[in-house]
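Summary of the model geometry
Single-letter residue listing:
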Amino acid sequence: MAETSTSSSYMSSSPITHIDEDHIYSVLELLPFDSILSFSMTCRRFRSIASSDSLWRSICRRDWGYEESMNGPLLEGVGSWKRLYEKVFRMGSVSCVRLSAREGDGASPRARASHSLNFISDCLVLFGGGCEGGRHLDDTWVAYIGNGVRWALSWKQISSGTPPGRFGQTCTIVSDALVLFGGINDNGIRQNDTWVGQITRDENLETKISWRLLEVASITPPPRGAHAECCIGNRFLVIYGGIGLDGLRLNDTWMLDLSNGPRSAEWREIVTLRSPSARSGHSLTWVGGTCIALFGGRGNGYEVLGDVWLLDIGGEHPEWMELLYDSCNTPDMASLPRVGHSSTPIVGGRVLIYGGEDTHRHRKDDFWVLDINASPTIKMRIKTAELKRSPMWKRLKAEGCQPGGRSFHRACIDRSGCRVYVFGGMVDGVLQPAEALGLRFDGELYLLEVLG
């Protein structure tokens, strides 16, 4: 009791307790998570200051690098920015649910792989892909989700001038539209066309998609499939690599500038002094600001890769930089290299990696979180090349109805930043799971929740 009284007396007389709150906020905004918690246990006044929601909103913005659903639905199930930060900081599992088609609604999308799947205008939109018999698909399906979770979905096929059938294409949301590029048809012909899909809902609340071929200047990326693509800030679309016309894997970077709208869009190649090796089946994911992260894929020697690269297009001369990580400090790191996985940006500026396959075509069922922000800030990395800060990787436990091992599936995130939808892919056959002929296409839809 005497010790407590002495401690309180010391704190009340300490000059630090009389510092203005604005100055304290300025200091706290520079501290890491654990240091802020330690500070909050010092006295009652500091605990109140360190629990301020405006402080934690500022810290979320600082550590995640961009406005992370600042007024969106994410907070509705969490309550405060501090609680949200804690849940993201301690993220350790992913909850899995298999969604079903609503009874009596008729047809659903057939099983497929290497298709595209997007969440836009509160809907899931699925297009194309490859199916049994090596055929491509040219169908577009829509399922309305709304602002929340639906355990039984109603799929509807949309027929409105879709792009020619293909698989291995990319399709990315840019502002309020879908932008599709490239792919391979069932004759093995690589494409380099660009399509824009506009989502509308009529007076009967029926969802429609209007696809149109985008007219761009004469400079376009060479035809390809199995490449990777992502959008930066609703203005730029970046693609990398893939399999070209001669069957060789590519290592070029291209950007589609949509700053002035689709009608004036232009492709240009980003030429860098150094770049990732040629590959296909890799991923490209926006990680905040003007930065994107590349992971994995299959190289020209058919080797499966596990490297991570960062590209910041914000500078005058963008350059790729490899992010090194210490594999000895992370369990199961040897299983990280993969091809045909999904890579989804989630809450907290993190990236959820799921599935894929290794060099021997063994399909993976694991979930990993890639946290670029666990290293020094992106700007500091580019300036100082201090790249060996850990951990960049964390393996998550899977709970519930797990999707199982699969590759060349597709995944997308909803507006909350914490719910991921996964559809299709290649999975092991029932009779001969160890043989190549035991492979089959999957047509199931799963929901993954990363904050539980």
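In this convention, every chain numbers its residues from 1, walking through the sequence in written order. Restriction of local features to residues with pLDDT of at least 70 applies here, the model being predicted, together with a cutoff of 80 or more for giving and counting side-chain atom pairs; totals for whole chains, interfaces and linings are based on all residues. Hydrogens and water molecules were not included; the side-chain quantities draw on all heavy atoms of the structure.

Named according to an unreviewed UniProt entry, the protein chain is F-box/kelch-repeat protein originating from Acorus calamus.

As a further point, take the pairing of strand 1 (residues 93-101). Of the strand pairs in this sheet, strand 1 and strand 24 (residues 393-400) are connected by 4 bridges, and their pairing is parallel. Across the sheet, the residue bridging to Ser95 is Glu399, located in strand 24. Sheet topology places strand 1 next to strand 29 (residues 445-449); 5 bridges connect them, and they run antiparallel. Within strand 29, the residue paired with Ser95 across the bridge is Glu449. Of the pairings in the sheet, the one linking strand 1 to strand 7 (residues 152-153) comprises 2 bridges and is parallel in character. Strand pairing requires that DSSP identify at least two bridges connecting the strands. The helix count covers DSSP runs of H or I at least four residues long, the strand count covers runs of E at least two residues long, and both are numbered beginning at the N terminus.

Per-residue accessibility, obtained with a 1.4 Å probe over protein chains only, is compared with the maximum for each type, and a residue is labelled buried under 20%, exposed over 50%, and partly exposed between these values. Along strand 21 (residues 342-346), 4 of the 5 residues are buried, which leaves the element largely enclosed by surrounding structure. Bridge analysis of strand 21 against strand 22 (residues 350-354) gives 5 bridges, and the strand direction is antiparallel. Looking across to strand 22, one finds that Ser342 is bridged to Tyr354. Between the antiparallel neighbours strand 21 and strand 22 lie 3 residues, among them Gly348 with a positive phi of about 85 degrees.

The next thing to look at is the packing of aromatic side chains. The rule is short: rings of Phe, Tyr and Trp, with Trp giving its six-membered ring, pair when the centres are within 6.5 Å, and they are stacked under 30 degrees, edge-to-face over 60, tilted in between. For the coordinates displayed, the defined rule picks out 14 aromatic pairs. Site record: aromatic cluster; members linked through ring pairs are Phe33, Trp56, Tyr85 and Phe89. Sitting over the ring of Tyr302, Arg298 keeps its end group 4.2 Å from the ring centre. Geometrically, a lysine NZ or arginine CZ counts as sitting over a ring once it is within 6 Å of the ring centre and also within 35 degrees of the ring normal.

Positionally, Thr207 belongs in strand 12 (residues 207-213). Those residues in contact with Thr207 that sit more than four places away from it in its chain are Cys123, Val142, Ile158, Ile199, Thr200 and Arg201. We call two residues in contact whenever any of their non-hydrogen atoms come within 4.5 Å of each other.

Before going further, it helps to examine helix 3 (residues 33-40). Three or more residues of helix 3 are buried, namely Phe33, Ile36, Leu37, Phe39 and Ser40. The buried residues of helix 3 occupy an angular sector of 160 degrees when the element is viewed end-on, so they sit on one face. Buried residues belonging to helix 3 abut helix 2 (21-28), helix 4 (44-50), helix 5 (53-64) and helix 6 (81-89). Note that the arc is computed from the directions linking the helix axis to the C-beta atoms.

What follows deals with the pattern of salt bridges. Just to be clear on terms, a salt bridge is a Lys or Arg side-chain nitrogen sitting within 4 Å of an Asp or Glu carboxyl oxygen. Tallied over the full model, the rule gives 16 salt bridges. A salt bridge links Glu444 to Arg98; the nearest nitrogen and oxygen atoms lie 3.5 Å apart. Residue Glu444 is located in the loop between strand 28 (439-441) and strand 29, and its partner Arg98 is located in strand 1; the two are separated by 346 residues in the primary sequence. The exposure class assigned to Arg98 is partly exposed, which follows from its relative accessible area of 45%. Here Asp366 ties to Arg338 by a salt bridge, and the two come within 2.8 Å at their closest N and O atoms. Of this pair, Asp366 sits in the loop between strand 22 and strand 23 (367-370) while Arg338 is found in the loop between strand 20 (320-322) and strand 21, placing the two residues 28 residues apart along the sequence. Each member of the pair, Asp366 as well as Arg338, carries the same accessibility label: buried.

Our focus in this paragraph is unusual backbone geometry. Positioned with a positive phi, Ser121 is a non-glycine residue whose angle comes to about 55 degrees. Mapped onto the elements of the fold, Ser121 is located in the loop between strand 2 (116-120) and strand 3 (123-127). When its relative accessible area of 39% is taken as the criterion, Ser121 is described as partly exposed. For Ala226, which is not a glycine, the phi torsion comes out positive at approximately 60 degrees. Checked against the element boundaries, Ala226 lands in the loop between strand 12 and strand 13 (228-232).

The strands making up a sheet are joined through hydrogen bonds of the backbone, oriented either antiparallel or parallel. Pairing in this open sheet of 4 strands is antiparallel, and the strands run 2-3-6-8 from one edge to the other. The sheet is open, and its two edges are formed by strand 2 and strand 8 (155-158), each paired on a single side. With strand direction ignored, the average angle separating the axes of adjacent strands in the sheet is 25 degrees. Summarising the sheet, strand 3 and strand 6 (residues 140-144) pair through 5 bridges and their orientation is antiparallel. Across the sheet, the residue bridging to Leu126 is Trp141, located in strand 6. A fitted line through C-alpha atoms serves as each axis, taken over the contacting stretch for helices, and the angle formed by two N-to-C directions is quoted from 0 to 180°.

Counting residues in each nonpolar core, the largest one holds 40 residues, and the members touching the most others are Met91, Val347, Leu352 and Val450. Ranked by residue count, the leading element in this core is helix 5, at 5 residues. Counting residues in hydrophobic clusters, the runner-up holds 16 residues, among them Ala293, Val308, Ile372 and Met392. Throughout, nonpolar core names a set of buried Ala, Val, Leu, Ile, Met, Phe, Trp, Tyr and Cys residues whose side chains join them through atoms within 4.5 Å.

Strand order across the open sheet formed by 4 strands is 17-18-19-20, with antiparallel pairing between neighbours. Strand pairing shows two members of the sheet lacking a second neighbour, strand 17 (283-286) and strand 20, which therefore form its edges. Strand-to-strand twist in this sheet, taken as the mean axis angle between neighbours without regard to direction, amounts to 25 degrees. Judged from the 4 bridges that link them, strand 17 and strand 18 (residues 291-298) form a sheet pairing that is antiparallel. Its bridge partner lying in strand 18, Trp286 is registered against Ile292.

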